[in-house]
Protein chains: 2
Amino acid sequence: MAEDSMDKPFIVTCTAPVNIAVIKYWGKRNEDLILPINSSLSVTLHQDQLKTTTTVATSRSFQEDRLWLNGKEEDITHPRLQSCLREIRRRARKRHNDGDPDPDTTGLSQKVHICSVNNFPTAAGLASSAAGFACLVYSLAQVFGVDGELSAIARQGSGSACRSMYGGFVQWIMGNRDDGKDSLAHQVEPETHWPQLRILVLVASAERKPIGSTSGMQTSVQTSCLLKHRAESVVPRRMVEMTEAVRRKDFPAFAELTIKDSNQFHATCLDTYPPIFYLNSVSQQVIHLVHRYNKHYGETRVAYSFDAGPNAVIFTLQQHVPEFVRVVQHFFPPDTNGEDFIKGLPVKHAALSEELKQEIGLEPIPRGINYIISTKAGPGPRVVEDPSQHLLSPDGLPKKL
Amino acid sequence: MAEDSMDKPFIVTCTAPVNIAVIKYWGKRNEDLILPINSSLSVTLHQDQLKTTTTVATSRSFQEDRLWLNGKEEDITHPRLQSCLREIRRRARKRHNDGDPDPDTTGLSQKVHICSVNNFPTAAGLASSAAGFACLVYSLAQVFGVDGELSAIARQGSGSACRSMYGGFVQWIMGNRDDGKDSLAHQVEPETHWPQLRILVLVASAERKPIGSTSGMQTSVQTSCLLKHRAESVVPRRMVEMTEAVRRKDFPAFAELTIKDSNQFHATCLDTYPPIFYLNSVSQQVIHLVHRYNKHYGETRVAYSFDAGPNAVIFTLQQHVPEFVRVVQHFFPPDTNGEDFIKGLPVKHAALSEELKQEIGLEPIPRGINYIISTKAGPGPRVVEDPSQHLLSPDGLPKKL
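Residues numbered from 1 in each chain as written. Chains lettered and ligands numbered in written order. Predicted model: local features only at pLDDT ≥ 70, side-chain atom pairs only at ≥ 80, totals over all residues. Heavy atoms only, no water.

Notes on unusual backbone geometry
Item 1. The omega torsion across Y273 of chain A and P274 of chain A is -10°, close enough to zero to call that bond cis.
Item 2. Secondary-structure assignment places P274 of chain A in the loop between α7 (251–270) and α8 (281–297).
Item 3. Even without being a glycine, I34 of chain A presents a positive backbone phi close to 55°.
Item 4. Locating I34 of chain A in the fold gives a position in the loop between β3 (28–30) and β4 (35–36).
Item 5. Not every positive phi belongs to a glycine, and K249 of chain B is a case in point at roughly 55°.
Item 6. Considering the arrangement of structural elements, one finds K249 of chain B in the loop between α6 (225–248) and α7 (251–270). (Helix = DSSP H or I, 4+ residues; strand = E, 2+ residues; numbered from the N terminus.)

The following block contains the structure:
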């Protein structure tokens, strides 16, 4: 092999999705291995709207591992990043020692350059760490020729990242082992399973940065007696019910469980000492709005779910999207005429009856919601074949800084 | 006995206090008898600041039972009112039949006129039903010559009313019997037990009327799995711990339990389907403020408790009142210069350090709190001896309408 070809970096670019838990993960039984106190279940969002793109390059010429996130070089010594890197290299080495002659594994001793960007603003308050670590692990696995089960590695970067390793409907089984080898994500149904399901992310304007989920869940595990009961006695039953609801495409059952589980998660936050609040007055208004909307129709047409921030994730069926978006726009009047208010999948215009407005009867909160991202369930991580999409140049540095 | 003297009504006036639960009551196991799913513990507030006054008159000349509340005639056929009236008359009749010659009981067949007023605005959002039913039952008992255990009768008017039958620190033992005869209030310690303890009611400006506690707790019992766990597994332990903290006058232990129990009650409201919100953004700000204030001093100097509304009830020790009131005034700046901001027990002026303000570091919410009622623990119901205080004239009609 010529010297220049050996120095030329090996570059892989991948994308990975965001996921939204409908049975929530909150609390670890092992902080280092990121082992949860209960199983969880999520919907993977479509990457056409929300994704992380990561390029990983290896080269003999690289002096050290380096990392750029959203255009800025970051400290790669972060313990959870190191866990992922170490575990991928360990698995690659094992495979190499086992005699696999795949030439990709020759880069084992080489340093990596990693460059990652999100196609959504961090300010949107969407948990970017799940997509980020899923994309990192998936890309590293391509570079080092690691295949097989990858969710356990992604889990060690960020718990919920293991669920972003699959498309569609995904469960993260908590497992029982102390070494975490059985704490893995599995696909329940693929993204094609329930084409009518639609997801709207209502990006709320937050007054202040809420407490981070890592320290938040630590405090909850230490202080909330309701969280312990939830993990041991409530979630196991709900996991079965939710899996069934997804399989049957039973929207009312899916929606009611989603709502109840979101609220129970926030209840355990409130039962934490000191209490943690992620729901602000805008979130409360969304909650009231959804329940009154459903009440108006006498059926559960819309569900909400909130993670560790004030953004609402709305689940509904395709046919209800246009009217519900109008309802949101009415009760959270945006500054603009609404052109930029809806991003993502196009939403048809719909009429809004006076009767419905009156029955909901809430005081509008101007600019309470910045915009809506309209999306649906989507696939898991993907390799980007087009080399023009690499985020790193052949010199191993980011194309745009 | 002359005809005119027989027609002259027999009039009794009593007062009764408000109480604030520090271990919360939420949920009934029997709606008719008002039997709770867990025991609770409260502090009786001093009647110098908050009280209900009730006059009950009986006379041969009265044609029917009548009721005036805060100057307005109300329907006396309300089932819970009727429960109290019926039970008092039953007990009086029993005593009469048992041969007690007390002449007061001769009014047994006579109709009653009841007139009741609160010395605090209903708009303050303080649970007036506890003081109201306690006062009603205590007054009726005087008129009909019923003595002995009265809390079980008050309980049938409004659950928490049974705790307003005693001063100081009061527990309501849930009992086990189906007939509710063992579901009674008992005094843990009298109002003189802990003279340093102070109570501040922060009357919040509410945007909308929250859901009532009667229907709220019904929905919670039906839908919240966390409430069931709380009632069965958390409260029994906390009742023991709280009783001990009160007996020992251990403020940090008392305060932390008070905070945790308030938050857990609101957590079960959030776990209700549809969820119930009593804490608004002002309440959240009070919560953050208290925790940061305590953190600043490295000890738990202040506790909060919220019932089914946004008002905060603050517990602290006498020496911390002046500064804490200043903190509240700073982060909830009132419209006025503060003269009317503090009602009740006088509060000395205190300085407020820049350091403390900065460490709390919240964005002030102008007019978020309407005013503060400064009070302390106080005695149970009392007979008012001065006839000029009767709310009913000798003709049996309210003095002021």
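Following the structure, the description resumes.
Overview of the interface of chain B and chain A
Item 1. Residue-level contacts link 28 residues of chain B with 29 residues of chain A.
Item 2. It is L226, Y273 and F277 of chain B that lose the most area in chain B upon contact with chain A, and together they represent 24% of the buried surface on that side.
Item 3. Linking chain B with chain A are 0 salt bridges, by the criterion used here.
Item 4. Counting every contact that joins chain B to chain A gives 5 residue pairs in polar contact (both at pLDDT 80 or more).
Item 5. Secondary-structure elements contributing two or more residues to the side of chain B that touches chain A are α6, α7 and α8 (281–297) of chain B.
Item 6. When residues of the side of chain B that touches chain A are assigned to their parent elements, the largest contribution, 8 residues, is made by α7 of chain B.
Item 7. Taken together, the residues of the side of chain B that touches chain A break down into 14 nonpolar, 9 polar and 5 charged. (Contact = heavy atoms within 4.5 Å. Buried area = accessible area lost by both parts, 1.4 Å probe. Salt bridge = Lys/Arg side-chain N within 4 Å of Asp/Glu carboxyl O. Polar contact = N/O pair within 3.5 Å; in protein donor to acceptor, adjacent residues only side chain to side chain. Nonpolar A, V, L, I, M, F, W, Y, C, P; charged D, E, K, R; others polar.)

Considering empty space enclosed by the protein
Item 1. A full pass over the atoms with the stated rule returns 1 cavity of 30 Å³ or more.
Item 2. The volume enclosed by the largest cavity comes to roughly 170 Å³.
Item 3. What lines the largest cavity is a set of 16 residues, among which L270, F277 and Q284 of chain A together with L270 and F277 of chain B lie closest to the centre.
Item 4. For the lining of the largest cavity, the residue count by class is 12 nonpolar, 4 polar and no charged. (1 Å grid on protein atoms, 1.4 Å probe; cavity = no way out; pocket = protein on both sides within 12 Å on 5 of 7 lines; lining within 4 Å. Points joined across faces, edges and corners; volume = space filled by probe spheres on them.)

What to know about the sheet that holds strand β1 (residues 10–17) of chain B
Residue and element names in this part refer to chain B.
Item 1. Pairing is mixed in the open sheet, where 6 strands are placed in the order β8-β7-β9-β6-β1-β17. Looking at which strands have only one partner, the edges of the open sheet turn out to be β8 (72–74) and β17 (382–383).
Item 2. Of the strand pairs in this sheet, strand β6 (residues 51–59) and strand β9 (residues 111–118) are connected by 8 bridges, and their pairing is antiparallel. When the bridges of β9 are listed, T53 appears paired with V117.
Item 3. The sheet contacts of helix α3 (residues 128–144) involve β1, β6, β9 and β17, and relative to β1 the element is tilted by about 145°. (Pairing = 2+ DSSP bridges. Axes fitted to C-alpha atoms, helices over the stretch in contact; angles between N-to-C directions.)

Regarding the side chain of T55 of chain B
Residues and elements named next belong to chain B.
Item 1. As for its position among the elements, T55 is in strand β6.
Item 2. Among the residues examined, T55 registers a relative accessible area of 0% and is labelled buried.
Item 3. At 2.7 Å, the side chain of T55 forms a polar contact with the side chain of T13.
Item 4. Not counting residues within four places of it along the chain, the set of residues in contact with T55 comprises I11, V12, T13, H113, I114, C115, Q389, H390, L391 and L392. (Buried < 20%, exposed > 50% of the residue type's maximum accessible area, 1.4 Å probe, protein only.)

Notes on the packing of aromatic side chains
Item 1. Here the structure, examined in full by the defined rule, presents 24 aromatic pairs over all chains.
Item 2. Aromatic side chains Y293 of chain A and F324 of chain A sit 5.2 Å apart centroid to centroid with 75° between the ring planes, which places their arrangement in the edge-to-face category. Residue Y293 of chain A is found in helix α8, and its partner F324 of chain A is found in helix α9 (residues 321–331); the two are separated by 31 residues along the sequence.
Item 3. Assessed through its relative accessible area of 0%, Y293 of chain A is described here as buried.
Item 4. Centre to centre, the rings of F251 of chain B and F254 of chain B are 6.1 Å apart; their planes meet at 45°, and the pair counts as tilted. Taken together, the positions of F251 of chain B and F254 of chain B, both in helix α7 and 3 residues apart, correspond to about one turn of that helix. (Phe/Tyr/Trp six-rings, centres within 6.5 Å; stacked < 30°, edge-to-face > 60°.)

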